[in-house]
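Fold and contact review
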Amino acid sequence: MVQAGDLTLWAEEFGSPERPTVLLVMGAGAQGVQWNDGFVRHLTAAGHHVVRYDHRDIGRSSTVDFAARPYAVADMASDALAVLDAFGADRAHLVGASLGGVIAQRLAVTHPHRVRTLTSLSATPLGSDTAGAVGRALAGRPPLPGQLPPPTAELLAALASSVPGPRAGREEYITTRMPMWRVLHGRVLPFDEAEYRAMEERVYERARDRRSGFNHTLAGAAGGDRTADLAAVTAPTLVLHGTEDPMFPPAHGRATAAAVPGARLVTVEGLGHTLPAALDRRLADEVLRHVRR
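Everything numeric in this text was worked out from a predicted model, so none of it was measured.

Procedures and definitions
- Every residue gets a number counted from 1 within its own chain, in the order that chain's sequence is written.
- It should be noted that, the model being predicted, local features are given only for residues of pLDDT at least 70 and side-chain atom pairs only at 80 or more, the latter also being counted only at that level, while totals for whole chains, interfaces and linings use all residues.
- As a rule here, side-chain values come from all non-hydrogen atoms in the structure, and water together with hydrogens is ignored.
- Put simply, DSSP H or I for four residues or longer makes a helix, DSSP E for two residues or longer makes a strand, and each gets a number counted from the N terminus.
- For this measure, only C-alpha atoms enter the radius of gyration; the expected value for a globule follows 2.2 Å times N^0.38, where N is the number of residues.
- Only protein chains enter the area calculation, which uses a 1.4 Å probe; residues under 20% of their type maximum are buried, those over 50% are exposed, and those in between are partly exposed.
- Only heavy atoms enter the contact rule, under which two residues are in contact if any of them lie within 4.5 Å.
- All accessible-area figures derive from a Shrake-Rupley calculation using a 1.4 Å probe, and residue coverage is judged against the displayed protein chains alone.
- The charged-residue count follows a simple rule in which Lys and Arg add positive charge and Asp and Glu add negative charge, with His and chain termini not counted at all.
- Note on charges: their place is set at NZ of Lys, CZ of Arg, CG of Asp or CD of Glu.
- UniProt positions are given in the numbering used here, feature names are shortened, and annotations may be inferred rather than shown by experiment.
- Nonpolar cores are built from buried Ala, Val, Leu, Ile, Met, Phe, Trp, Tyr and Cys residues. Side-chain atoms within 4.5 Å join them into one set.
- By the convention used here, strands pair only if DSSP detects at least 2 bridges between them.
- Axis definition: a line fit to C-alpha positions, over the contact stretch in the case of helices; interaxial angles, taken between N-to-C directions, run 0 to 180 degrees.
- Convention used here: angles under 35 degrees read as roughly parallel, angles over 145 as roughly antiparallel, angles from 65 to 115 as roughly perpendicular, and any remaining angle as oblique.
- Helix crossings get a hand from a simple test, with the near helix turned counterclockwise from the far one by less than a right angle marking a left-handed crossing and a clockwise turn marking a right-handed one.
- Gly is placed with the polar residues, together with every amino acid not listed as nonpolar (Ala, Val, Leu, Ile, Met, Phe, Trp, Tyr, Cys and Pro) or charged (Asp, Glu, Lys and Arg).
- Basic side-chain nitrogens of Lys or Arg form a salt bridge, by our definition, when they fall within 4 Å of a carboxyl oxygen of Asp or Glu.

Some points on the overall build of the protein
Per the secondary structure count, the protein includes 10 helices and 9 strands. Relative to its length of 293 residues, the protein is compact, with a C-alpha radius of gyration of 18 Å against a globular reference of 19 Å. Reported as C-alpha extents along the three principal axes, the dimensions of the protein are approximately 45 × 45 × 40 Å. For the protein, the proportion of its 293 residues judged to be buried stands at 54%. Considering only intrachain contacts with a sequence separation of at least 6, the fraction spanning at least 24 residues in the protein is 74%. Carbon and sulfur atoms make up 52% of the accessible area of the protein, which totals about 12500 Å². Measuring between centres, the 31 positive side-chain charges of the protein sit 3 Å from its 31 negative side-chain charges.

Re the UniProt feature "domain: Peptidase S33 tripeptidyl aminopeptidase-like C-terminal" (unreviewed entry) in the protein
Taken from the UniProt record, the annotation "domain: Peptidase S33 tripeptidyl aminopeptidase-like C-terminal" (unreviewed entry) applies to residues 231–275. As annotated, residues 231–275 has a helix share of 22% and a strand share of 24%, and its two end C-alpha atoms lie 28 Å apart.

Notes on the nonpolar core
Among soluble globular proteins, nonpolar side chains are generally buried collectively. Of all hydrophobic cores here, the largest spans 38 residues; its most connected members are Leu23, Tyr53, Val83, Leu94, Ile103 and Leu107. Of all the secondary-structure elements, those providing two or more residues to this core are strand 1 (2–4), strand 2 (7–9), strand 4 (21–25), strand 5 (49–53), helix 2 (73–86), strand 6 (92–97), helix 3 (99–110) and strand 7 (115–121). Ignoring anything within four residues of it in the chain, the contact list for leucine 94 reads Leu23, Ala104, Leu107, Val115, Thr117, Leu118 and Thr119.

Overview of the sheet that holds strand 5
An order of 3-5-4-6-7-8-9 is seen for the 7 strands of this open sheet, with the pairing classed as mixed. Taken across any chain shown, the strands that pair with only one partner, and hence form the sheet edges, are strand 3 (11–14) and strand 9 (264–268). Averaged over all pairs of adjacent strands, the angle between strand axes in this sheet comes to 20 degrees, irrespective of strand direction. Pairing analysis gives 6 bridges linking strand 6 to strand 7, with the strands arranged parallel. Paired with valine 95 across the bridge in strand 7 is threonine 119. Contacts between helix 3 and the sheet are confined to strand 4, strand 6 and strand 7, with strand 6 contributing the most and set at about 145 degrees to the helix. Helix 10 (residues 280–292) contacts strand 6, strand 7, strand 8 (237–242) and strand 9 of the sheet and is inclined by roughly 165 degrees relative to strand 8.

Thoughts on the UniProt feature "domain: AB hydrolase-1" (unreviewed entry) in the protein
Annotation from UniProt places "domain: AB hydrolase-1" (unreviewed entry) at residues 20–124. End C-alpha to end C-alpha, residues 20–124 measures 27 Å, and it is 33% helix and 22% strand.

Some points on the packing of helix 5 (residues 153–160) against helix 6 (residues 170–185)
With their axes 8 Å apart at the nearest point, helix 5 and helix 6 run at an angle of 160 degrees to one another. Judged on the interaxial angle alone, helix 6 and helix 5 are roughly antiparallel. Classified by chirality, the crossing of helix 6 by helix 5 is left-handed. Counting all contacts with helix 5, which are made through Glu154, Leu155, Ala158 and Leu159, the residues of helix 6 involved are Pro179, Met180, Val183 and Leu184. In terms of residue class, the contact of helix 5 with helix 6 is made up of 7 nonpolar, no polar and 1 charged.

Concerning the environment of alanine 28
Position of alanine 28 relative to the elements: it lies in the loop between strand 4 and helix 1 (37–45). Residues contacting alanine 28, with those up to four places away along its chain left out, are Leu99 and His216.

Digging into the pattern of salt bridges
Should the charged atoms of two oppositely charged side chains come close, the side chains can pair. Enumeration according to the criterion identifies 17 salt bridges in this entry. Aspartate 229 serves as the salt-bridge partner of arginine 226, at 2.8 Å between the closest nitrogen and oxygen. The exposure class of arginine 226 is exposed, given its relative accessible area of 53%. The partner of arginine 282 in a salt bridge is glutamate 286, and the shortest N-O contact between them spans 3.1 Å. Linking arginine 282 with glutamate 286, this pair stays in helix 10, spanning 4 residues, or about one helical turn. Judged by its relative accessible area of 8%, glutamate 286 falls in the buried class. Here the residues in one salt-bridge network are Glu12, Asp37, Arg52 and Arg202, joined through shared partners.

And the structure:
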């Protein structure tokens, strides 16, 4: 358990701390263990010290009364630094998925001396008004000129029906969330329902509060950052983005790569907005190729 101000964050390390650290930063409402064990093994087998952790309001970490103590991406980035400090890592390769990619981008802007390389995976650019785009889509209005596309209508519908009731038991909880995972996974790669059920079972058992993770969406919409800030990033940057991402369609990946000087964009055919085990080696190889450069 890592101390981050008055919060405690669950974290886990793999490999020798004498090796270069890779910090894995998960997305909104997602636990650190949703970085697949196979993906982690590929990174450690290549000689890296790997750390994954639970954000505040998720998994075994502290929960927060968001109404009384609202927080933003900047606060979640400070939590990531507390994790690095706890493991004695002055600098790290940052790999962030979805909202985790935005958190990693912010650290590359505000704490460049702590970032060896940046990998932004299935993410939107720092400071993009995704919440505004979603609001316009739900209201049936077209996106503003220059605004990045919102999540697909199919995903918005799936998300709306994926919130379990406050008294939902294990089976009801998992059953309610499976349609969302089908849409997030995308339509190209085979969907392994057993894999996603096993992941949700693990998440269910580890959660202190199974609803507090929704606060991450509020934190992501809190604002305070600008996409233009990414022009200050000096860390070598890789943008990984799936062709089938229904949450942040491919334009988000292209916009992220365009905003970071010298960033390299790699498009992953068939990848949606999840991390299926079938792609563990492919995604790990892309990260390893980047950090070796």
